[in-house]
Amino acid sequence: MTEQGKGELDSVASCSSKSDEKALPDAIRTTAVAINLCLSNKFYKAQRMLEPLAKESMYHALGYGTIMYLQAVMTFEPQAIEQACESIKVAMDVCDKQRYKQSWSESLSSWIWNPSYEGITEEERHAELCYAECLLQRALLTFIQDENLISFIKGALKIKACYNSYKTCFNMVMNEPEGLQKSPQRKDFEGGVHLGIGSFNLLLSLLPTRILKILEYIGFSGDKFSGLEHLDKGCKGDSLRSPMCAMILLAYHSVITYYLGIGDGDVEYADEILQPFLKTFPKGAIFLYFAGRIKQVQGRLDEAEERYNYSIKVQSEWKQFHHICYWELMWCYSLQQNWPKAFHYASNLLKESRWSKTTYMYLKGSFRLMARITGQQIAKEDDNGKEDTEEYMFRHLPNYKQRIAGKSIPFEKYSIHKSVKYFSQGNWLFLPGLELIYMWNGFQVLRRRPDLSRHLLNLVITEQQKLDQDKEREYYMDDWCLGKILEGMCYLCMGETEKGRRCLIAAVEKSQDLVLDKQLGAYACAEIGFLYMDQGNYVQAKKYLKSASHDYQGYFLESRLHFRIHSALHKIKIIEKEHKLAMKKVKKNNNTVENSVSDDSEASEDGSNYSTASEGGKSDMVFDGTVEDFVDAQTDDTRASCSLNTDADGPSQGVANKNGKSGTNSLGTGSSKPIVSQNPSSQNNNQQVPNLLLETSL
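Residues numbered from 1 in each chain as written. Predicted model: local features only at pLDDT ≥ 70, side-chain atom pairs only at ≥ 80, totals over all residues. Heavy atoms only, no water.

**Student:** Please explain the overall build of the chain as it appears in this structure.
**Tutor:** Summing up its helical and strand segments, the chain has 29 helices and two strands in all. Split into buried and exposed, the 698 residues of the chain put 55% on the buried side. Pairs at least 24 apart in sequence give 71% of the contacts found in the chain among residues at least 6 apart. Accessible surface, the chain: about 31100 Å² in total, of which carbon and sulfur atoms supply 50%. (Helix = DSSP H or I, 4+ residues; strand = E, 2+ residues; numbered from the N terminus. Buried < 20%, exposed > 50% of the residue type's maximum accessible area, 1.4 Å probe, protein only. Contact = heavy atoms within 4.5 Å. Areas by Shrake-Rupley, 256 points an atom, 1.4 Å probe, with all protein chains shown as cover.)

In structure tokens form, the structure reads like this:
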């Protein structure tokens, strides 16, 4: 070979080496641009940018799969979910090819000593992270396919592999080779670890107790506060995954806690997170939706409607994304008793969305019936004649029942049940629109709008009087119990808790006489538990919540109620643990005071000149008040003590504040001083549990 030929080969090899070095940064940069395009409503342009290398580059594959995943979770359409699953499967294959493969000797030694990552390259550790992220998205898609408990179990089992992969990524950070500590891509890697650990913990913490008990047998559980802390760090870390961390936090605080929980999301914190992204993406449909959702749960319905409509207006590429705004607009108008408007948006969903026509048709028929009950007229442009009559919709809605991943949708079963009841009662249901508001947890919003609650109460009382005129109806007791629940919820929203409690207790007492709507007994019992919890009577709260969970079974929408009960019991458990720690501190300080007084008495008898509390003022250890006052005064110190780790094998933990912050390092692995929330309203929610990824049992 000539010298010239050798020179050309050396030049090519040098270029190839430089090309490999630039491949990862360029891929991350390209993916970041594509994600920003997506958040600016240029979804197809973002997809076209990533698709050519989606089967070769791990970040292109992950970015493309993430866009498809966003479309699926924002629309809940079966076709979108299937496409997202396929894209993520391809991305997993691409990432798996570039992951670091341990030899058998390394695998064996890792059981005895901490694994060594000295030989790992930047590309290999990012491949592990991208693979874990794909696994997480795939598991989340399993969760959203339907509300069946079996689906949640399947999703949790799939996430086991995801956990192992994120654990490896976490270990890579904790045992980071010196050569990678100054890597320009380090921030993006750690941001991905925050996203994964945070989502993992938060997701599992939401599962009902019956599922968590199963998961404990296979070795893992979730910690909500650790999850929120990691997501907060990822959100504020200015990395590739920051927008995704923000969206998960926004969804949790403004959507998930209201639809599946007890409405205890930190909306003010969510708004704080949202504002920087709204400035960066002022016309971003996704962030405009969250802006509307925050206004909605604050009870500012007119402002929420304005933002939803603007979110619809600014983009037309993803028509399916309009549907989630239609859904929220439908509920906003329902809460305002504008039934024709609610009918309008239910009609739009029925015509355009492919998620569940049975559900949409039941919603539409119910709002039409509510318009008839309240004497409101449906707009002519929304009335398509025979197909829009109550009878037609209630009769034909069972024909559209579907199955997703082999499972029927729970709310479709409920809708079909109510349509059968409609005809058995002579084309009539008792306030179905208000029952829908209740079932979708809309009274959590009405707590901030007592004016609207009063109007709803007047309607409920009027219809109850009509109902009592014919007590011989076959399903009279079902409708009577529903009326009592709605009446009680209206009173609670107006601040008249004793009247509300009496109504709910009346419904529970008559629940044995229910014929069809067996779910009403369980829901009424749970509401009494929620009420006692809000009043601080945790003994009674647990009594009713556990009764609702164990004494009622096999009713419609059972899983939905169990999610809410789980959230409430978890909150009570944290509060009681804090109280026990506070009482221990009171006892400890009382013992200290007694010992101090005893020592002072002995010193006086010996002629010593030590001053006592009675001489020269009160001692610093003497508290002038009741034990309860002392507990209140020691609350902050007590919460700080919650950070102490009782597991001798694990590190001490920081207490998550309202923003999910903690006195831990960048990955939450240790704390020199816990940070306590400064928001009094959220103090009871602050509790530290050992970090998920450091539990030795795993």
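**Student:** Would you take a moment to explain the nonpolar core for this structure?
**Tutor:** When a protein is soluble and globular, its nonpolar side chains tend to lie buried together. Within the largest apolar cluster, 201 residues are counted, with the highest numbers of intra-cluster contacts made by Tyr59, Phe290, Met330, Trp331 and Phe367. Residues from two domains meet in this core; each of domain 1 (23-100 + 121-183) and domain 2 (430-574) gives at least three. Excluding residues within four positions of it along the chain, phenylalanine 290 makes contact with Met74, Met247, Leu250, Ala251, Ser254, Val255 and Leu274. (Core = buried A, V, L, I, M, F, W, Y, C linked by side-chain atoms within 4.5 Å. Domains from an automatic or database assignment.)

**Student:** Would you take a moment to explain the side chain of serine 242 for this structure?
**Tutor:** Summarising the element assignment, serine 242 is placed in helix α11 (residues 242-259). Judged by its relative accessible area of 5%, serine 242 falls in the buried class. Within polar-contact distance, the side chain of serine 242 engages the backbone oxygen of glycine 234 at 3.0 Å. Discounting chain neighbours no more than four positions away, the residues touching serine 242 are Gly234, Cys235, Gly237 and Phe277. (Polar contact = N/O pair within 3.5 Å; in protein donor to acceptor, adjacent residues only side chain to side chain.)

**Student:** In this structure, what is going on with the pattern of salt bridges? I would like to understand it.
**Tutor:** Side-chain pairs of opposite charge can arise where the charged atoms are in close proximity. For the structure shown, the criterion picks out 27 salt bridges. Across the pair arginine 99 and glutamate 128 runs a salt bridge, and its minimum N-O distance is 3.0 Å. Of this pair, arginine 99 sits in the loop between α4 (78-98) and α5 (104-109) while glutamate 128 sits in helix α6 (residues 122-144), and the two are 29 residues apart along the sequence. Since its relative accessible area comes to 4%, glutamate 128 is described here as buried. Across the salt bridge formed by lysine 418 and glutamate 435, the nearest N and O atoms sit 3.1 Å from each other. Residue lysine 418 is found in helix α19 (residues 410-424), and its partner glutamate 435 is found in helix α20 (residues 432-439); the two are separated by 17 residues along the sequence. Judged by its relative accessible area of 2%, lysine 418 is buried. Put simply, Lys418, Lys421, Glu435, Asp479 and Asp517 are held in one network by salt bridges that share partners. (Salt bridge = Lys/Arg side-chain N within 4 Å of Asp/Glu carboxyl O.)

**Student:** Just checking my understanding: could you explain unusual backbone geometry for this structure?
**Tutor:** Most peptide bonds take the trans configuration, and most residues that are not glycine carry a negative phi. Backbone geometry at asparagine 427 places phi at a positive 60 degrees, although glycine is not the residue there. Look at leucine 431: it is not a glycine, yet its phi comes out positive at around 40 degrees. Following the sequence through the fold, leucine 431 ends up in the loop between α19 and α20.

**Student:** Explanation requested: the state of the cysteines in the structure shown.
**Tutor:** Put plainly, a disulfide is one covalent bond tying together the sulfur atoms of two cysteines. Counting across every chain of the model gives zero disulfides. Cysteine cysteine 130 remains unbridged, with the sulfur of cysteine 95 as its closest cysteine sulfur at 4.8 Å. Cysteine cysteine 245 is unpaired, with the sulfur of cysteine 235 as its nearest cysteine sulfur at 6.8 Å. Residue class for cysteine 245 comes out buried when judged on its relative accessible area of 0%. (Disulfide = S-S within 2.5 Å.)

**Student:** Even after reading the chapter, I still don't get the environment of leucine 215, so can you show me in this structure?
**Tutor:** With respect to the secondary-structure elements, leucine 215 resides in helix α9 (residues 209-217). Leucine 215 sits 11 residues away from leucine 204 along the chain, and the two C-alpha atoms are 9.2 Å apart.

**Student:** Could you clarify how one ought to interpret α19 in this entry?
**Tutor:** In an α-helix there are 3.6 residues to a turn, and that puts residues three or four apart on one side. The terminal C-alpha atoms of α19, which comprises 15 residues, lie 22 Å apart, in line with the 21 Å expected from a rise of 1.5 Å per residue. In terms of burial, α19 is largely enclosed, as 11 of its 15 residues are buried. Turning to α19, its buried residues number three or more, namely Pro410, Phe411, Glu412, Tyr414, Ser415, Ile416, His417, Lys418, Ser419, Lys421 and Tyr422. Looking one or two residues beyond α19, the residue adopting positive phi is glycine 426, at roughly 70 degrees. (Expected span 1.5 Å × (residues − 1).)

**Student:** It is not clear to me how the packing of aromatic side chains should be interpreted in this structure. Could you clarify?
**Tutor:** Each aromatic ring pair is specified by the distance between its two centres and by the angle formed by the two planes. With the rule as written, the count across this model stands at 30 aromatic pairs. Here tryptophan 327 and tryptophan 355 contribute two aromatic rings whose centre-to-centre distance is 6.4 Å and whose plane-to-plane angle is 90 degrees, an arrangement assigned as edge-to-face. One end of the pair, tryptophan 327, is in helix α15 (residues 319-335); the other, tryptophan 355, is in the loop between α16 (339-352) and α17 (357-374), and 28 residues separate them in sequence. Each member of the pair tryptophan 327 and tryptophan 355 is classed as buried. Positioned above the aromatic ring of phenylalanine 423, the side-chain terminus of arginine 395 is 4.2 Å from the ring centre. (Phe/Tyr/Trp six-rings, centres within 6.5 Å; stacked < 30°, edge-to-face > 60°. Lys NZ or Arg CZ within 6 Å of the ring centre and 35° of its normal.)

**Student:** Would you mind showing me how to read the side chain of serine 549 here?
**Tutor:** Examined against the element boundaries, serine 549 turns out to sit in helix α26 (residues 538-550). In this structure serine 549 touches His562 and Ile565, once residues within four positions along its chain are discounted.

**Student:** Whenever I open this one, the confidence of the model for the chain confuses me. Can you help?
**Tutor:** Close reading of the predicted structure is inappropriate where its pLDDT is low. In the predicted model, the chain carries a mean pLDDT of 81, and 77% of its residues have values of at least 70. The model gives residues 1-19 a pLDDT under 50, and that stretch makes two contacts with residues more than four places away or in other chains. Here residues 607-698 is modelled with pLDDT under 50, and outside its nearest four sequence neighbours on either side it reaches 179 contacts, counting other chains as well. (pLDDT = per-residue confidence, 0-100.)

**Student:** What is the right way to look at the packing of helix α13 (residues 285-297) against helix α14 (residues 301-313) in this model?
**Tutor:** Relative to each other, α13 and α14 sit at 165 degrees, their axes nearing to 7 Å. Viewed along their axes, α13 and α14 adopt a mutual orientation that is roughly antiparallel. Handedness of the crossing formed by α13 with α14: left-handed. Two secondary-structure elements touch here, α13 through Ala285, Leu288, Tyr289, Ala291, Gly292, Arg293, Lys295 and Gln296 and α14 through Leu301, Glu303, Ala304, Arg307, Tyr308, Tyr310 and Ser311. Partitioning the contact of α13 with α14 into residue classes produces eight nonpolar, three polar and four charged. (Axes fitted to C-alpha atoms, helices over the stretch in contact; angles between N-to-C directions. Parallel < 35°, antiparallel > 145°, perpendicular 65-115°, else oblique. Left-handed = near helix turned anticlockwise from the far one by under 90°. Nonpolar A, V, L, I, M, F, W, Y, C, P; charged D, E, K, R; others polar.)

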